Protein chains: 2
Amino acid sequence: MKSINVKIPATSEQNYQIKIGSDLLGTVIANVRSFYPKHAFFLVTDGELIKAGHVDKLIAGQTIAGRYVIEPAGEISKHIGTVGAIIEAMEAANLGRDTVVLALGGGVVGDVAGFAASIFKRGVPVVQVPTTTVSQADSAIGGKTGVDSSISKNAFGTFWNPFAVYVDVATLKTLNERQFRAGLVESVKHSLIMDAGYFEFIEQNLDKVLAREPGVLEEIAGRNCSIKAGVVEKDPYEKNIRCILNYGHTIGHAVESASNYEILHGEAVGIGIIAAGLIEKQLGLVKDGRLERVRNVLKKLDIGLKMPEYMDKARVFELLRSDKKSVGQVPRFVLLEQIGSVCSVGGQYAVEVGADVIKNVLDEL
Amino acid sequence: MKSINVKIPATSEQNYQIKIGSDLLGTVIANVRSFYPKHAFFLVTDGELIKAGHVDKLIAGQTIAGRYVIEPAGEISKHIGTVGAIIEAMEAANLGRDTVVLALGGGVVGDVAGFAASIFKRGVPVVQVPTTTVSQADSAIGGKTGVDSSISKNAFGTFWNPFAVYVDVATLKTLNERQFRAGLVESVKHSLIMDAGYFEFIEQNLDKVLAREPGVLEEIAGRNCSIKAGVVEKDPYEKNIRCILNYGHTIGHAVESASNYEILHGEAVGIGIIAAGLIEKQLGLVKDGRLERVRNVLKKLDIGLKMPEYMDKARVFELLRSDKKSVGQVPRFVLLEQIGSVCSVGGQYAVEVGADVIKNVLDEL
């Protein structure tokens, strides 16, 4: 038998900028074109963004090679069929490797468009232009792309870093109230895992946030992006510490799936954060009144923190087994040590929790 | 406006081994399991491999978590729907990130299974076990995965390096004659772009190769893997020199697509190599009798070197524009300087060729 060694060299660094401001949509294409003067631009968005006038603001006098409008908007379209339709539309438009994909929209648009960009001709650049509280705080940054399977959330996808991210808080003005509030849960999550001072800021300024005051929105966008970028830089491919961004997401994803996406991502993560708090309590990790402080902030968001009556708890438990953090089908949880920092056990941030503890908590929810 | 820089560090090297021998199928799983003792194994293959007994030899007493049999075998199944079906089957089997995908089969199995592995839970390891002349020489090595769009060949895919490659030349015994011969074109291609001595070896030993003498098959497998690995190491993501592996593939891919895959990949590349030779002649690059030498070797393979009568040459020309090497829809070609080395123009190996030259050559084919 003969052996040949193939040495694939390390890739170079992949750095990118997040630009945060108000009313910057109209500058995006010209800005990206200065880096890719000969590339074609292909837009992925959904009908909500057209209706709100954001697509017109983004394109404003620029030529683009084509567009794909995801219909219907929302999680129900976050499946591999949508990705296939986007890349076939790009093929039909005769596009090549010299194409930039623009993702204008919320988490679904960003995740699906990023996935499409990552597999079109084995990868073309994507520019993320998030327009919701959840995507501006979380999903547009960090290079995770993906779609749901018929069973679980974000089951299929790639790591594909954006060429750049443009966070325009002015786009939040047109977001409906339910989505606006649900997405703020990711801000609460960032503060809980990383920055007690930020959590206090949220406690003190939540009324202004809910009134959508631009200055405060820019402030939290900046803090969210800094926290997320800081974690992603340390561990871009989620070998370990990146999983802390999954705080509240283990039960959150399962609840979201089990509701057939009737419950929004942020709402489900709200339930998941409460669930994580109850697990922490059962394991004796909660020593101060922090669970009440967390609950108070989430209550003020008015997003519904109970599992709906119709939900089958056995099915939620079953879904936990196929969570991406599971090892040998045993689910693992990120847990808080205190507000602003997470636990680690033997250097691992995703901790195995006994089935009895999980079942107790599901009963309590 | 605020800016935040995200610094994604370089990835580490990704090295892997190619093992080449005869009758080594039965050792593959145990060998991989020594590196991944707790991982589940998921097999992707097709009905031909079951019928030939290779699946039984591979599994032989080992436990695997599930399998997906691509039906029908062949290029017609190389589309994104098959990839979706494989990853849904993996989800249904409750598999997680701790899964190894085994790809046992020809180019279609390897490309589709590698693509599936690269997007399942954002990427799990794949082990390539190629069983055809084309996959052992070419597609199983180098980390390119992909499927065809409704318009063009390998339009969608990823770069995903295998964990290991096992080349068992004994599996070639059961390959049908047409596929066996067509796949040898990739060996001819490797010799043409890289190694005049290897081309002479093929000229002198083609009868033994066609008689499937194991010693000669191991010899050419080793040479193919060394040449391919050498190029891939220099340029894993095809920024430049890797495109020389595409010699004969520009018109080859277009012919293959235009035939709706009635013409096998290797047969189409045979036509593409002749086409490249005719382009070289028109451009005055051919100064010796090399075109005849190349034609003689390919003729001996008896794979049909003419475009079929039914083929629409305008459609072939149109397809060239969406080739992945095209820039601004202008096709580019890899061309030979002499047997064993390729041309480069200003450091570029994919060279723009005028539409008139291409049309002349298409008429001549």
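Everything numeric here is computed off the predicted structure, so don't read it as measured data.

*Asks:* Which residues make up the sheet that holds strand E7 (residues 164–168) of chain A, and what are the values?
*Replies:* The strand order across the open sheet formed by 7 strands is E4(A)-E3(A)-E5(A)-E6(A)-E7(A)-E2(A)-E1(B), and the pairing between neighbours is mixed. In this open sheet, the two strands that pair with only one neighbour each are strand E4 (66–70) of chain A together with strand E1 (2–8) of chain B. Going across the sheet, the axis of each strand differs from the next one's by a mean of 15 degrees, ignoring polarity. Relative to E7 of chain A, strand E6 (residues 126–130) of chain A is paired through 2 bridges, and the arrangement is parallel.

*Asks:* Explain the interface of chain B and chain A residue by residue, including any values.
*Replies:* Chain B puts 63 residues into the contact, and the matching count from chain A is 64 residues. Counting residues per element, the side of chain B that touches chain A draws most heavily on strand E2 (residues 14–21) of chain B, which supplies 8 residues. Tallied by class, residues from the side of chain B that touches chain A come to 24 nonpolar, 24 polar and 15 charged. The pairing of strand E2 (residues 14–21) of chain A with E1 of chain B spans 7 bridges and is antiparallel. Paired with glutamine 17 of chain A across the bridge in E1 of chain B is asparagine 5 of chain B.

*Asks:* Outline helix H13 (residues 313–321) of chain A, supporting the account with residue identities and numerical values.
*Replies:* All names here are of chain A. Of the residues making up H13, those classed as buried are Val316, Leu319 and Leu320. The buried residues of H13 occupy an angular sector of 105 degrees when projected down its axis, which confines them to one face. Seen from the buried face of H13, the exposed residues on the opposite side, beyond 90 degrees, are Ala314 and Arg315. Those residues of H13 hidden inside the fold are in contact with helix H10 (249–258) and helix H14 (355–364).

*Asks:* Break down the relation of the copies chain B and chain A for me, with residues and values.
*Replies:* Expressed as a screw transformation, the operator carrying chain B onto chain A has a rotation angle of 180 degrees and an axial translation of 0.0 Å, and the superposed copies differ by an RMSD of 0.0 Å. What the rotation and shift describe, once combined, is the action of a two-fold rotation axis. Minimal C-alpha separation from the rotation axis in chain B is found for threonine 11 of chain B, amounting to 2.7 Å. Mapped onto chain A, 100% of the interface residues of chain B are again interface residues, and the two copies thus contact each other with one and the same surface.

*Asks:* Quick one: what's the story with the domain arrangement of chain A, residue by residue and with numbers?
*Replies:* All names here are of chain A. The domain architecture assigned to chain A consists of domain 1 (17–175) and domain 2 (190–364). Just the C-alpha atoms count here: the centres of domain 1 and domain 2 sit 26 Å apart. At the interface, 21 residues of domain 1 touch 22 residues of domain 2. At the level of secondary structure, the elements contributing two or more residues to the side of domain 1 that touches domain 2 comprise E2 and helix H6 (133–139).

Cut-off values and rules
- Residues numbered from 1 in each chain as written.
- Chains lettered and ligands numbered in written order.
- Predicted model: local features only at pLDDT ≥ 70, side-chain atom pairs only at ≥ 80, totals over all residues.
- Pairing = 2+ DSSP bridges.
- Helix = DSSP H or I, 4+ residues; strand = E, 2+ residues; numbered from the N terminus.
- Axes fitted to C-alpha atoms, helices over the stretch in contact; angles between N-to-C directions.
- Contact = placed C-beta atoms within 7 Å.
- Nonpolar A, V, L, I, M, F, W, Y, C, P; charged D, E, K, R; others polar.
- Buried ≥ 20, exposed ≤ 12 C-beta atoms within 10 Å, placed from the backbone.
- Arc of directions from axis to C-beta.
- Least-squares fit on C-alpha atoms with pLDDT ≥ 70 in both.
- Domains from an automatic or database assignment.

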